[in-house]
Amino acid sequence: MTASATDPSVDRSRLQELIDQLAVVRGRVTLSSGKEADYYIDLRRITLHHEAAPLVGRVMLRMLDDAELDFVSAGGLTMGADPVGTALLHAAAQQGRGIDSFVVRKAAKTYGMGRQVEGPSVEGRKVVILEDTSTTGGSALTAVEAVRAAGGDIQAVAVIVDRDTGARERIEQEAGVPYLYAYSKSDLGLD
């Protein structure tokens, strides 16, 4: 085990550095929600990075554990949530824990088994919806709806970075579950 694997504050600090160095792009951009912003947080530069991805898994798992959530699977809407779920399941496995991941398609397949939620079944299981970041909460809410339709018992929605643009309030109101985040935009100096 490395020193950072036993010290959550080291993991958290290093991941924050990497997000700032690799993922925060400053300048006027249009977000997937259609809103404009003075910065963009491209977390795929983190969730698919050799050093950062394991940190994402450990930081997210620690955050969910600190919230005392009971869950056995985590995932969300493809594409932003896919590497987050994978990182989390690997971090759990390193601790000897059996946490699965799942992927939510934007729409159910029209062929094969016609599933919208892929991976180990979520039916009757306690799950967490993941996302890398959220502006309006739309992607997470799409995942919530699909997972509930598949029989999953959603415990929370969790993101790496909260942009503080209303996603938390919308998700908590519409989905009726807690919204957790590892970093705020102020943590990243984006106020």
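Right, let's walk through the structure included here. (Residues numbered from 1 in each chain as written. Predicted model: local features only at pLDDT ≥ 70, side-chain atom pairs only at ≥ 80, totals over all residues. Heavy atoms only, no water.)

## Here's the deal with the overall build of the chain
For the chain, the helix and strand inventory stands at 7 helices and 8 strands. Taking 191 residues into account, the globule formula puts the C-alpha radius of gyration at 16 Å, and the chain, at 16 Å, falls close to it. Seen through its C-alpha atoms, the chain measures out along the principal axes to roughly 45 × 45 × 30 Å. Counting all 191 residues of the chain, 47% fall into the buried class. Of the contacts formed within the chain by residues at least 6 apart in sequence, a portion of 66% connects residues at least 24 apart. Summed over its atoms, the accessible surface of the chain is roughly 9,200 Å², and 47% of this surface lies on carbon and sulfur atoms. (Helix = DSSP H or I, 4+ residues; strand = E, 2+ residues; numbered from the N terminus. Rg over C-alpha atoms; globule rule 2.2 N^0.38 Å. Buried < 20%, exposed > 50% of the residue type's maximum accessible area, 1.4 Å probe, protein only. Contact = heavy atoms within 4.5 Å. Areas by Shrake-Rupley, 256 points an atom, 1.4 Å probe, with all protein chains shown as cover.)

## Digging into the environment of Thr165
Counting through the fold element by element, Thr165 comes out in the loop between strand S7 (153-162) and helix H7 (167-175). Considering only alpha carbons, one finds Thr165 and Leu61, 104 residues apart in sequence, at a separation of 24 Å. At 2.6 Å, the side chain of Thr165 and the backbone oxygen of Thr135 are in polar contact. (Polar contact = N/O pair within 3.5 Å; in protein donor to acceptor, adjacent residues only side chain to side chain.)

## As for the pattern of salt bridges
Counted under the stated rule, the structure contains 16 salt bridges. Notably, a salt bridge pairs Asp20 with Arg26, separated by 3.5 Å at the nearest N-O pair. The class for Asp20 is partly exposed, based on a relative accessible area of 36%. With a closest N to O distance of 3.3 Å, Asp42 and Arg45 form a salt bridge. (Salt bridge = Lys/Arg side-chain N within 4 Å of Asp/Glu carboxyl O.)

## Some points on the sheet that holds S7
Backbone-to-backbone hydrogen bonds pair the strands of a sheet. The strands run either parallel or antiparallel. The sheet built from 6 strands is open, its strands ordered S5-S4-S3-S6-S7-S8 with mixed pairing. Strands at the two margins of the open sheet, each flanked by one partner only, are strand S5 (117-118) and strand S8 (179-184). Bridge count between strand S3 (residues 73-77) and strand S4 (residues 100-104): 5 bridges; the pairing is parallel. Considered in S4, the bridge of Ser73 is made with Asp100. (Pairing = 2+ DSSP bridges.)

## Remarks on the pairing of S7
Most of S7 is tucked away, with 9 of its 10 residues classed as buried. As judged from the 8 bridges shared by strand S6 (residues 126-134) and S7, these two strands associate in the parallel manner. Its bridge partner lying in S7, Val127 is registered against Ile154. Handedness of the β-α-β unit built from S6, helix H6 (residues 138-149) and S7 comes out right-handed. Relative to S8, S7 runs parallel, the two being bridged by 5 bridges. (Right-handed = clockwise from strand over helix to strand, strands pointing away.)

## Quick word on unusual backbone geometry
Positive phi values are uncommon outside glycine, yet Glu68 reaches one of about 60 degrees. Relative to the elements of secondary structure, Glu68 occurs in the loop between helix H4 (52-66) and S3. The backbone phi angle of Asp164 is positive, close to 55 degrees, even though this residue is not glycine. Inspection of the secondary structure assignment puts Asp164 in the loop between S7 and H7.

## Observations regarding H4
End to end, H4 covers 21 Å across 15 residues, agreeing with the expected 21 Å (1.5 Å per residue, within 8%). H4 sits mainly inside the fold: 11 of its 15 residues count as buried. Looking only at H4, the buried set comprises Ala52, Ala53, Leu55, Val56, Gly57, Arg58, Val59, Met60, Leu61, Met63 and Leu64. One or two steps after H4, the chain reaches Glu68, where phi turns positive at roughly 60 degrees. (Expected span 1.5 Å × (residues − 1).)

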